[in-house]
Amino acid sequence: MNTAKMRNIFKDTDFVHRSGTAEELRVAEYLKEKCEELGVHAEIESFRVPMAEIESARVFADGKEIPCKGIFCCGSGDVEGELYYMPGLDKVSVAGAKDRIVLLDSSVIGYFAYHDLLDAGAKGILFRYGDIHYPNEDIDERDLREYVVGDGEKLPCAMLNAATAVKLVRTGAKKIRISIRQNEYDGQSRNVVADIPGKRREYIVLTAHYDSTALSHGAYDNMSGCVGLLGVMDALKGKGLNYGLRFIFCGSEERGLLGSKAYVRDHEEDIKNIALNINLDMIGTIMGKFISCVSAEEKLSHYLTYMGAELGFPIESRIGVYSSDSTSFADKGVPAVSLARLAGGSVAPIHCRYDLADVLSMGQLKSDITFITEFTRRMANSSVCPVSREIPEKVRKELDEYLFRKRKSND
Ligand SMILES: [Zn+2]
């Protein structure tokens, strides 16, 4: 795929395309069209996602209204209490949350932290978003995830801009009131699935999510990975590979890997035929370092670094769990690897208005895709895929923690 074609894909998807929205569907249909332009048939598969329409969300500090965004799916209600800034999630900090409105130094919360706050008797939660230098009106819209609430009750929650949060703490605000009204409903998100059959019936599954967060156009995170998938598809179609290639453009990754979780749940029978998952999440930045995170046997990690050395492509590899769609496959016992060019927030910030194609280099993206294509080709053309189906103990432990089945041991 040439760089002009790549650049056009970023142009055509240069808008917010958050999970469960009409814009996300528009990108799904666009990607299906791109596959078909390459001569590869694609299907759109829908899955349910919890959605909400916020009627009103207001936060008052000592009677004065401050800018906020309501958290989707946290229910409706009014709560009032003393402000409690809680930077840590340790037991001593949590004990102070009783009857108070907790301000977290974070924009998300996990299952155990949420339930600790419920048990401690917290009345509501304020999150803080972004960088203090972002414009005041930039406040991310997030949801209280179903797997975080579990069978617990929903607490009224709101998101503040980081500068507003700092001001609350600096001025010693006392009383906080959160008032939120919303209409929650079931929505739809989609995965786009395209196959290039091989000689064997087993597949190598390549994934990349295409949804963005609420303020982001999602060029780096993760249209870059989607362009990666299309680039691999273009290079390897019609090559008569031994293993089939299945490309899945996943929806709703930004809300907790919902697309890949739906895929592995709805295709349980297929799982045994998936030899390997190769996931792309954020590639092609001007600055940054190429990494691989292998949720499989250590040999695969060594293979990638050896291959990088052979091809003159530096790659830093580790074993573990990556916060992306590879995790859903690894959790079902499929060896998985996430590939990324990590640039860091100071040169290529994500989940914000600055995630635009400007942070990418089409030349770098092209060489990243060349490496990924070569790796995919070797795996798909092996007589038997060499990666063992065993998920190492260390990775299984990390999966239990990442998916909130067990507390992190240092909690
Ligand atoms: Zn991502």
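Rules used throughout
In this convention, every chain numbers its residues from 1, walking through the sequence in written order. Reporting in this predicted model follows two pLDDT cut-offs: at least 70 for local features of residues, and 80 or more for side-chain atom pairs to be given and counted; totals over whole chains, interfaces and linings ignore these cut-offs and use all residues. Under the DSSP-based scheme used, a helix requires at least four consecutive residues in state H or I and a strand at least two consecutive residues in state E, with every element numbered from the N terminus. C-alpha atoms define the radius of gyration in this analysis, and the globule rule sets the expected value at 2.2 Å times the number of residues to the power 0.38. Neighbour counting defines burial: a residue surrounded by 20 or more other C-beta atoms within 10 Å of its own C-beta is buried, one with 12 or fewer is exposed, and intermediate counts give partly exposed, using backbone-placed C-beta atoms. Whether two residues are in contact depends on their C-beta atoms, placed from the backbone: they are in contact if these lie within 7 Å. Only buried Ala, Val, Leu, Ile, Met, Phe, Trp, Tyr and Cys residues enter a nonpolar core, and they are joined through C-beta atoms within 7 Å. Strand pairing requires that DSSP identify at least two bridges connecting the strands. When the strands point away from the viewer, a crossover counts as right-handed if the path from the first strand over the helix to the second runs clockwise. Delimitation of the domains relies on an automatic or database domain assignment. Residues are grouped as follows: Ala, Val, Leu, Ile, Met, Phe, Trp, Tyr, Cys and Pro are nonpolar; Asp, Glu, Lys and Arg are charged; every other residue, Gly included, is polar.

Draft legend 1. Local environment of the overall build of the chain. Tallying secondary structure elements over the chain gives 12 helices and 14 strands in all. Computed over C-alpha atoms, the radius of gyration of the chain comes to 22 Å, within 12% of the 22 Å expected from 2.2 N^0.38 for 411 residues, which places it in the range of a compact globule. Expressed along its principal axes, the backbone C-alpha trace of the chain runs to roughly 70 × 45 × 40 Å. In the chain, which comprises 411 residues, the share counted as buried stands at 47%. In the chain, the proportion of contacts linking residues at least 24 apart, taken out of those at least 6 apart, comes to 80%.

Draft legend 2. Region of the structure containing the nonpolar core. Judged by nonpolar contacts, the single largest core of 83 residues is most densely connected at Ile-204, Cys-226, Leu-229 and Phe-249. Top element by residues in this core is helix 7 (residues 219-236). It accounts for nine residues. Once you skip the residues sitting within four places of it in the chain, Leu-229 turns out to touch Leu-206, Ala-208, Phe-247, Phe-249 and Leu-280. Residues Ile-101, Leu-117, Ala-122 and Leu-168 belong to the second largest nonpolar core, which totals 36 residues.

Draft legend 3. Structural detail: the environment of Glu-401. With respect to the helices and strands, Glu-401 occurs in helix 12 (residues 393-402). Once the C-alpha coordinates of Glu-401 and Thr-285 are considered, the two residues, 116 residues apart in sequence, prove to be 30 Å apart. Ignoring sequence-local partners within four residues, the contact set of Glu-401 consists of Lys-406 and Lys-408.

Draft legend 4. Fine view of the pairing of strand 13 (residues 316-319). As defined by bridge partners, strand 12 (residues 289-295) adjoins strand 13 across four bridges and the pair is classed as parallel. Each bridged residue has a counterpart across the sheet, and for Ile-291 the counterpart in strand 13 is Glu-316. Regarding topology, helix 9 (residues 298-311) serves as the crossover connection from strand 12 to the parallel strand 13, and that connection is right-handed.

Draft legend 5. Summary view of the domain arrangement of the chain. When its domains are assigned, the chain resolves into domain 1 (3-47 + 188-402) and domain 2 (67-185). A C-alpha centroid distance of 32 Å is found between domain 1 and domain 2. In terms of residue class, the side of domain 1 that touches domain 2 is made up of three nonpolar, three polar and two charged.

Draft legend 6. Spotlight on unusual backbone geometry. Geometrically, the link from Asp-221 to Asn-222 is a cis peptide bond, its omega value of 10 degrees lying close to zero. Residue position: Asn-222 is located in helix 7. At Cys-73, a position not held by glycine, the phi torsion is positive, near 65 degrees. Mapped onto the fold, Cys-73 is located in the loop between strand 3 (69-70) and strand 4 (77-86). At Ser-252, a position not held by glycine, the phi torsion is positive, near 55 degrees. Tracing the backbone through its elements, the reader meets Ser-252 in the loop between strand 10 (244-250) and helix 8 (258-266).

Draft legend 7. Spatial organisation of the pairing of strand 5 (residues 100-104). Of all five residues in strand 5, five are buried, a share of seventy percent or more. In strand 5, alternate side chains face the same way, and those of Arg-100, Val-102 and Leu-104 on one face and Ile-101 and Leu-103 on the other are all buried. Bridge analysis of strand 4 against strand 5 gives five bridges, and the strand direction is parallel. If you follow Tyr-84 over to strand 5, its bridge partner there is Val-102. Once the chain exits strand 5 it traverses helix 4 (residues 111-120) before rejoining the sheet at strand 6 (residues 124-129), and the crossover so formed is right-handed.

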